[in-house]
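Geometric and topological summary
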Amino acid sequence: MSQEIRKTTCHGCTRRCGVLLTVENGKPVSVKGDPSQPLSRGFMCARGRALALELSQDPHRLTTPLKRAGKRGEGKWQPISWEQAFTEIAEKLRSIIGESGPEAVGVSLDSMISTGLSFSGNRFARLLGTPNVFTMGGQTCYGNSGQIEMLTYGHDTACDRANSRCTVIWGCNPAWSKPEFFRYIKESKARGGKVIAVDPCETETVKLADLWLQNRPGSSGALMLSWINVIISEDLFDREFVTNWCNAPNLVRRDTGKLLRERDVIEDGGAETFLVWDETRGRAVAYDADAMRYREDGVRAALRGSFPVMLADGRKIECVTVWERLIERVAPYPPETVERISWVPAEKIREAARMYATTRPGNFFPGFAMDVIGFSANQCGRARSVLNAITGNLDVRGGQLFLDGPSTEVRNDPGPMLSPETYARTLGADRFRMWSWEASMKMFKFQKRIGAKIPSPFYGAHSAVVWRSILGEGPYRMRALINVANNPMLSAGHTEIVEKALKALDLLVVQDIYMTPTAELADYVTPAATDDTECARLYTGGYCSGWLETQSFLSGEQAVTPPGEAKTDFCFFRGLGMALGQDWPWENDEAFYGWQLEPLGYSSFKEFHDEVQWSIRPPKYERYKERGFGTPSRKVEIYSMILEDFGYDPLPNYCEPPYSPFRTPELYREYPFIMGAMRPRHFYQSGYRSLPSLKARQALPQVRLHPDAARKLNVKEGDWVRLSSPSTTRTIEMTVHLDSGLDPRVVYPDYGWWYPDLPASENHGVWKSNINVLTDDDPEHCCPMIGGTFLNANLLRLEKV
Ligand code: SF4
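Counting starts from 1 at the beginning of each chain's written sequence and moves along it residue by residue. Given that the model is predicted, a residue must reach a pLDDT of at least 70 before its local features are reported, and side-chain atom pairs must reach 80 or more before they are shown or counted; all residues, however, enter totals for whole chains, interfaces and linings. The side-chain numbers reported here are obtained from all heavy atoms of the structure, hydrogens and water having been left aside.

A few words on the overall build of the protein. Scanning the protein for helices and strands turns up 28 helices and 31 strands. On C-alpha atoms alone, the protein measures out to a radius of gyration of 26 Å, which is about the 28 Å that the 2.2 N^0.38 rule sets for 801 residues. Overall, the C-alpha framework of the protein stretches about 80 × 65 × 55 Å when taken along its three principal axes. Each residue is placed in one exposure class: buried if its accessible area under a 1.4 Å probe, protein chains only, is under 20% of its type's maximum, exposed if it is over 50%, and partly exposed if it falls in between. Here the protein holds 801 residues, and the buried ones make up 67% of them. If you take every contact in the protein between residues at least 6 apart in sequence, the share linking residues at least 24 apart comes to 74%. In this text, helices come from DSSP runs of H or I with a minimum length of four residues, and strands from runs of E with a minimum of two, each type numbered from the N-terminal end. Note that the radius of gyration is over C-alpha atoms, with the globule rule given as 2.2 Å times the number of residues to the power 0.38. Between two residues, a contact is recorded if the distance between any of their heavy atoms is within 4.5 Å.

Once that is clear, we can look at the sheet that holds strand S5 (residues 77-79). If you trace the 7 strands from one edge of the open sheet to the other, you get S5-S4-S22-S21-S20-S6-S7, paired in mixed fashion. Taken across any chain shown, the strands that pair with only one partner, and hence form the sheet edges, are S5 and strand S7 (133-135). Across the sheet, the mean angle separating the axes of adjacent strands is 20° when strand polarity is ignored. In this description, strands pair whenever DSSP reports at least two bridges between them. As judged from the 3 bridges shared by strand S4 (residues 66-68) and S5, these two strands associate in the antiparallel manner. What sits directly across from Leu 66, in S5, is Pro 79. Axes here refer to lines fitted to C-alpha atoms; in helices the fit is confined to the stretch in contact. Angles between the N-to-C directions go from 0 to 180 degrees.

On to the environment of Phe 119. Within the element layout of this structure, Phe 119 appears in helix H3 (residues 115-128). For Phe 119 and Phe 592, which are 473 residues apart along the polypeptide, the C-alpha to C-alpha distance reads 9.6 Å. Apart from residues no more than four positions distant in its own chain, Phe 119 is found in contact with Asn 412, Asp 413, Pro 414, Phe 570, Trp 586, Phe 592 and Trp 595.

What follows covers the nonpolar core. Only buried residues count toward a nonpolar core. Its members are Ala, Val, Leu, Ile, Met, Phe, Trp, Tyr and Cys residues joined through side-chain atoms within 4.5 Å. Trp 227, Ile 228, Trp 323, Met 434 and Ile 638 are the most contacted members of the largest nonpolar core, which has 112 residues in total. With 9 residues, helix H8 (residues 220-233) is the largest single contributor of residues to this core. Apart from the residues lying within four places of it in its own chain, the contact partners of Met 434 are Gln 147, Leu 151, Ala 439, Met 443, Phe 458, Ile 642, Leu 643, Phe 646, Tyr 648, Met 785 and Ile 786. By size, the runner-up hydrophobic cluster in this structure holds 67 residues, among which are Trp 77, Ile 497, Phe 673 and Val 766.

The term salt bridge refers to a side-chain nitrogen of Lys or Arg lying within 4 Å of a carboxyl oxygen of Asp or Glu. With the rule as written, the count across this model stands at 58 salt bridges. Close ionic contact of Lys 7 with Asp 34 constitutes a salt bridge, the shortest N to O distance being 3.7 Å. Note that Lys 7 is positioned in strand S1 (residues 3-9) and Asp 34 in the loop between strand S3 (27-33) and helix H1 (46-54), a separation of 27 residues in sequence. Looking at Asp 34, the relative accessible area reads 2%, which means it is buried. Note that Glu 272 is salt-bridged to Lys 442, the shortest N-O span being 3.9 Å.

Alignment of strand S2 (residues 18-24) against S3, held across 6 bridges, turns out to be antiparallel. Residue Val 19 lies in a different strand from S3, and its bridge partner there is Gly 33. A loop of 2 residues connects S2 with S3, the two strands running antiparallel in sequence, and Asn 25 in this loop sits at a positive phi of about 50°.

What follows is about the packing of aromatic side chains. Pairing of aromatic rings covers Phe, Tyr and Trp, the last counted by its six-membered ring, and requires centre-to-centre distances within 6.5 Å; plane angles under 30 degrees mean stacked, over 60 mean edge-to-face, and any other angle means tilted. Taken as a whole and judged by the stated rule, the model has 38 aromatic pairs. Taking 5.1 Å as the distance between ring centres and 75° as the angle between the ring planes, the aromatic pair formed by Trp 245 and Tyr 624 counts as edge-to-face. Taken together, the residues span a long stretch of sequence, with Trp 245 in helix H9 (residues 239-245) and Tyr 624 in helix H24 (residues 624-627) at a distance of 379 residues. Aromatic rings pair up to connect Phe 119, Phe 570, Trp 584, Trp 586, Phe 592, Tyr 593, Trp 595 and Phe 605 into one cluster. Two conditions define a charge sitting above a ring: the NZ of Lys or the CZ of Arg must be within 6 Å of the ring centre, and it must be within 35 degrees of the ring normal. Stacked on the ring of Trp 82, the Lys or Arg Lys 567 has its end atom at 5.1 Å from the ring centre. Over the ring of Tyr 671 we find Arg 797; its NZ or CZ atom is 4.6 Å from the centre of that ring.

Right, let's talk about the domain arrangement of the protein for a bit. For interface size, the figure often reported is the accessible area lost on association. Where a domain begins and ends is set by an automatic assignment or by a domain database. What the domain assignment reports for the protein is domain 1 (3-57), domain 2 (76-140 + 412-533 + 559-585), domain 3 (145-406 + 541-551 + 617-653) and domain 4 (665-800). On the domain 3 side, the residues contacting the 23 residues of domain 2 number 28 residues. In short, buried area is how much 1.4 Å probe accessible area vanishes from two parts on joining, totalled over both. Both sides together, the interface formed by domain 2 and domain 3 hides about 2000 Å², and carbon and sulfur atoms give 59% of it. The largest contributions to the domain 2 side of the interface with domain 3 come from Met 434, Arg 449 and Ile 450, which together make up 35% of the buried area. Here domain 2 and domain 3 share 4 salt bridges between them. A salt bridge links Lys 445 to Glu 272; the nearest nitrogen and oxygen atoms lie 2.8 Å apart. In protein, a polar contact means a hydrogen-donor-capable atom and an acceptor-capable atom, both N or O and within 3.5 Å, with residues adjacent in sequence counting only if both atoms are side-chain atoms; elsewhere, any N or O pair within 3.5 Å suffices. Inspection of the region where domain 2 meets domain 3 yields 12 residue pairs in polar contact (both at pLDDT 80 or more). Polar here means any residue other than Ala, Val, Leu, Ile, Met, Phe, Trp, Tyr, Cys and Pro, which are nonpolar, and Asp, Glu, Lys and Arg, which are charged; Gly is therefore polar. Residue composition of the side of domain 2 that touches domain 3, by class: 10 nonpolar, 7 polar and 6 charged.

Moving on: the packing of H8 against helix H12 (residues 335-342). To characterise two packed helices, one gives the angle between the axes of the helices and the distance between these axes. Relative orientation of the contacting elements H8 and H12 amounts to 165°, with a least axis distance of 10 Å. Classified by the angle between their axes, H8 and H12 sit roughly antiparallel to one another. Crossing angle aside, the handedness with which H8 passes H12 is left-handed. Of H12, the residues touching H8 (which contributes Ala 222, Leu 223, Ser 226 and Val 230) are Pro 335, Val 338, Ile 341 and Ser 342. In this scheme, roughly parallel covers angles under 35 degrees and roughly antiparallel covers those over 145, while 65 to 115 is roughly perpendicular and the rest are oblique. By definition, any crossing whose near helix is turned counterclockwise from its far helix by less than a right angle is left-handed, and any crossing with a clockwise turn is right-handed.

The subject of this paragraph is the pairing of strand S6 (residues 105-109). S6 sits mainly inside the fold: 5 of its 5 residues count as buried. When S6 meets strand S20 (residues 480-484), the two strands line up parallel, connected through 5 bridges. Looking across to S20, one finds that Ser 108 is bridged to Asn 483. Sheet topology note: the S6/S7 ladder contains 3 bridges and is parallel. Each bridged residue has a counterpart across the sheet, and for Ser 108 the counterpart in S7 is Phe 134.

A cis amide bond links Arg 360 with the next residue in sequence, Pro 361, at an omega value of 0°. Note on placement: Pro 361 falls in the loop between helix H13 (346-358) and strand S18 (362-366). Put simply, Gly 474 and Pro 475 share a cis peptide bond, and its omega is 5°. Residue placement: Pro 475 occurs in the loop between helix H17 (463-470) and S20. Non-glycine residue Met 292 carries a positive phi angle of around 55°. Along the chain, the position of Met 292 falls in the loop between strand S14 (283-288) and strand S15 (293-294).

Once that is clear, we can look at the side chain of Asp 278. Among the structural elements, Asp 278 can be located in strand S13 (residues 274-278). A polar atom in the side chain of Asp 278 sits 2.5 Å from the side chain of Arg 281. Not counting the four nearest positions on each side in its chain, Asp 278 is found in contact with Arg 283, Val 285, Gly 298, Val 299 and Arg 300.

Let's shift gears to the sheet that holds strand S30 (residues 746-749). Around the barrel, which closes on itself, the 6 strands sit in the order S26-S30-S27-S29-S28-S31 with mixed pairing between neighbours. For this sheet, the mean angle separating the axes of adjacent strands, direction not counted, is 45°. Bridge count for strand S28 (residues 720-724) against strand S29 (residues 732-738) is 4 bridges, and the pairing is antiparallel. Note that in S29 the partner of Trp 720 across the bridge is Thr 735.

Here H13 is 13 residues long and its end C-alpha atoms lie 18 Å apart, about the 18 Å a rise of 1.5 Å per residue gives. Along H13, the positions that sit buried rather than exposed are Ala 346, Ile 349, Arg 350, Ala 352, Ala 353, Met 355, Tyr 356 and Ala 357. By definition here, a helix of n residues has an expected span of 1.5 Å times n minus one.

Turning to the environment of Val 23, a few remarks are in order. Mapped onto the elements, Val 23 comes out in strand S2. Linking Val 23 and Ala 677, residues 654 residues apart in sequence, is a C-alpha distance of 38 Å.

Bringing the packing of helix H4 (residues 143-153) against helix H16 (residues 437-447) into the picture now. Packing of H4 against H16 brings their axes to within 10 Å, and their N-to-C directions diverge by 45°. It follows that H4 is oblique to H16 by the angle criterion. For H4 against H16, the interelement crossing comes out left-handed. Listed contacts from H16 to Gln 147, Met 150 and Leu 151 of H4 are Ser 440, Met 443 and Gln 447.

Below you can see the structure in the form of structure tokens.
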């Protein structure tokens, strides 16, 4: 029998490791990492190997389109053809749109989106006319941080990890979640680099660190403000960068608390032109952001102080610099105070702030834990963005680099934008305003000055608002949901409301590789081909953490035949779109990737894959010196004009999570543990629970618990415990895993646990051990700017079963 080696790319996490898969008669027989892939350099983890060898052979895979034959969730299905599925779904969509308009249809996509899924999902929605596209991950994982960087810098960033001397890993355990990235951290350490870890749990990553800050989940914002406090009070900041490239010298009015604008002092002055206090002239002077210079020569901008300014109407007011306001903001957060809030000793806070500020260049690698702590999630991103800037670690070799994508030439536009009125009707856009098309367009106006060609992609519907809209809580009712590669019964907070909402839909269509707890509630379920080995793929830019990935093109070829009639997500959207009369000129994924690559001179995807496969755009440093930043002031906005305009706090702040020992002490007495977030080592999100080699590594859901806490609860390793939270009357159960690296007041339950082999009547055990049964998606508890949900840092009670 003939064997062939296929060069492909793992989709098991965001690292995209290169894979050499040996295939015999269309089936995988062995796998190894591809040493020629410049990012992964031959690395593959256990999950990647399991996906390559087992996923296409898994008997749990869906193989044919299914139509519901019983009641919702009853588990009765009738196999149908793709043609019947597309025809019937299209007919129902037409009827719903005819009655309620296109925004009554939602499109929900996986957060670890491949290029084909992202493009096709967004194209389908745009051609349909609905603005209600959402992912579970958008506001809870990276999109959140990315949007905050966009409004602070005019760009999102990633670590130049290969050249850093100090890596801060905050709320993240790449040793488990991004093992290939962890290897780079080890290499940096071997070169003499420093590592600072901020984590409630002594993870494998923490064990590598020079300094470990074991903080209380939910307190990161206070800790970051304390770092800023130390860095400013000990004069460790980069004065030149802060004075010339941050809006630190800009004046803020004491009477309104708003930035002083040129129109305040001159009748026909600019509404988005800002003033500084010129120490030479002893008066306020405007900075022309278009020309990137002061309106007058020889200006010496004051960094600190309070100054009298005459307004155009003749009134005299007091103004202070942004820097002065920042100092006032961080003054209540000296390490001694934050020790009480964060549980980190004051001396360690000082030591970490000093190490980060003085070991340059430095990287800051944030985990998603901070994006899901409710109220102050986005303010953590703001404080982190300010830390990167005031230490001079932006846009420099070894620091945080600005993302341009691997090429500005590649085609990526999914189709004509909708009207501003339609975008304004996006569910959640009026509440979480920094996740709106309006906010992205406002930023785009300034980003264009530094060459941006498309607006920030961080906008869309908010899942918590979507569920409530389906349940009739307004502003209008979503009636149909097309859910692709997404499992909100596990991945969204507050499972109870998700189930109620999904059951209340007039039409739920799920395209997935498995019959998930979400798929069980659908009207139609269609079988997906995986992105791992069963289709061609082109990644045009990767994800967050590593700069190199985000600047790279990576291709992978189809290596095995998808099971049964499984179709790629691109072909799903294309087929359904065409049944609705939409224009989809590409026959399949490969044709689409070929179209994307055409402007770069490739005649087809195959040509790129055979001749190139990996291509990385080389780094460019210190571009800000020529073009400034893509913000209203053309500088790093420590004080954000955009946040001010949208009615949010323009400076980083901190507030306690919705439930916490300090905000709700009475609840803390009842629920005495604080929850950290951790996904099981060998799985990704809620996926792959049925793969034999991964099940062999971990068969049961675990809650990590300190041995002292276990003793008090009278439980030992492997015992089952019942978990409850103040957010619901439901409970779940997990097994105890003792971990002496945890604070005894903190527990870490596994995320995303379900039981594929349990029957549909129990919806595959979705209520048994799924931590999101206990979490909270109340919009009142979400971060008001972007809507980061309160999934982490909730209070928990544990009892022996
Ligand atoms: S799961 Fe992630 S780290 Fe593991 S092989 Fe795949 S891409 Fe690489």
